[in-house]
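The chain contents come next:
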Amino acid sequence: MKRLILSLLTAILTIAVSAQIIVTNPAFITRDYTGEIEVIFDASLGTGGLKDYTGTDGVYAHTGVITTASNNDTDWKHAPSWGDNAAKYKLTSLGNNKWRLMITPNMVSYYGITPGEVVTKLAFVFRNGTPTGTTYKEGKDTGGKDIFVPVYE
């Protein structure tokens, strides 16, 4: 009976984890973590604005951080200007609507976090590299919301 319950809980957890718009490695990011962070974006989830995207201009992350100095979740810190196609923001296609971003060599260097800043969340919106007119295809969370990954103490 215990094996059945354990198997059922494992299956439920696997389904819940696989249905996330973003998965990170490490799974739980802490403020004092000093290594690379792998971010896997599932373009088929959330708004699905980049689902099945095959354009040659690439997919990019518009990313920043929410800190204790942020007024709210729209007050991103250390984010590039919208449409910045710098190589560090470009994602790699993994196929099957999955895209990878590497935050390297670490969170502090990648975002340019200064001493004393306390990061509470990583913030993301994903987009294609070239707009049609002034409009980009966007990958956001359900309801058109920004995507957040908590950073733990």
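Parameters at a glance
- Residues numbered from 1 in each chain as written.
- Predicted model: local features only at pLDDT ≥ 70, side-chain atom pairs only at ≥ 80, totals over all residues.
- Heavy atoms only, no water.
- Core = buried A, V, L, I, M, F, W, Y, C linked by side-chain atoms within 4.5 Å.
- Buried < 20%, exposed > 50% of the residue type's maximum accessible area, 1.4 Å probe, protein only.
- Helix = DSSP H or I, 4+ residues; strand = E, 2+ residues; numbered from the N terminus.
- Contact = heavy atoms within 4.5 Å.
- pLDDT = per-residue confidence, 0-100.
- Polar contact = N/O pair within 3.5 Å; in protein donor to acceptor, adjacent residues only side chain to side chain.
- Salt bridge = Lys/Arg side-chain N within 4 Å of Asp/Glu carboxyl O.

Colleague: Sorry if this is basic, but what is going on with the nonpolar core here?
Modeller: Note that soluble globular proteins tend to have their nonpolar side chains buried in a common cluster. Membership of the largest hydrophobic core comes to 29 residues, with the highest contact counts inside it found for Phe-41, Ile-103, Tyr-111, Leu-122, Phe-124 and Phe-126. Going through the elements one at a time, strand 3 (37-42), strand 4 (59-67), strand 6 (98-103), helix 2 (107-111), strand 7 (119-128) and strand 9 (147-152) are the ones with two or more residues in this core. Once you skip the residues sitting within four places of it in the chain, Phe-41 turns out to touch Ile-21, Leu-50, Leu-91, Asn-97, Lys-98, Trp-99, Phe-126, Gly-139 and Ile-147.

Colleague: What should I look at first to understand the environment of Ala-123 in this one?
Modeller: By the secondary structure assignment, Ala-123 is in strand 7. Given the relative accessible area of 0%, Ala-123 is considered buried. C-alpha of Ala-123 to C-alpha of Thr-63: the two residues are 60 residues apart in sequence and 5.4 Å apart in space. Setting aside anything within four residues of it in sequence, one finds Ala-123 in contact with His-62, Thr-63, Gly-64, Trp-76, Ile-147 and Phe-148.

Colleague: Any chance you could explain unusual backbone geometry here in plain terms?
Modeller: Most peptide bonds take the trans form, and the phi angle of most residues other than glycine is negative. Between Asn-25 and the following residue, Pro-26, the backbone shows a cis peptide bond with an omega angle of 10°. Counting through the fold element by element, Pro-26 comes out in the loop between strand 1 (22-25) and strand 2 (29-30). Cis geometry is adopted by the peptide bond preceding Pro-105, which originates at Thr-104 and carries an omega value of 5°. Of note, Pro-105 is situated in the loop between strand 6 and helix 2. A positive phi angle is found at His-78, which is not glycine, with a value near 60°. Mapped onto the fold, His-78 is located in the loop between strand 4 and strand 5 (92-95).

Colleague: Help me understand the confidence of the model for the protein chain in this model?
Modeller: As a note on interpretation, predicted positions should not be read in detail where pLDDT is low. Of all residues in the protein chain, 88% attain a pLDDT of 70 or more, and the chain-wide mean is 91. This stretch, residues 6-18, has a pLDDT under 50; its non-local contacts, to residues over four places away or in other chains, come to one contact.

Colleague: Help me understand the side chain of Asp-42 in this model?
Modeller: Tracing the backbone shows Asp-42 in strand 3. Judged by its relative accessible area of 6%, Asp-42 falls in the buried class. A distance of 2.6 Å separates the side chain of Asp-42 from the side chain of Ser-44, its partner in a polar contact. Here Lys-98 takes part through its side chain, which lies 3.3 Å from a polar atom of the side chain of Asp-42. Excluding residues that lie within four positions of it along the chain, Asp-42 makes contacts with Gln-20, Ile-21, Asn-97 and Lys-98.

Colleague: Explain the pattern of salt bridges to me, please; I cannot follow it from the model alone.
Modeller: As a working rule, side chains carrying opposite charge can pair if their charged atoms are close by. Inspection of the entire model under this criterion finds seven salt bridges. Close ionic contact of Asp-73 with Lys-121 constitutes a salt bridge, the shortest N to O distance being 2.9 Å. Linking Asp-73 in the loop between strand 4 and strand 5 with Lys-121 in strand 7, this pair joins segments that are 48 residues apart in sequence. Asp-73 sits in the partly exposed class, given a relative accessible area of 30%. Where salt bridges share partners, they join Glu-138, Lys-140 and Asp-146 into one cluster.

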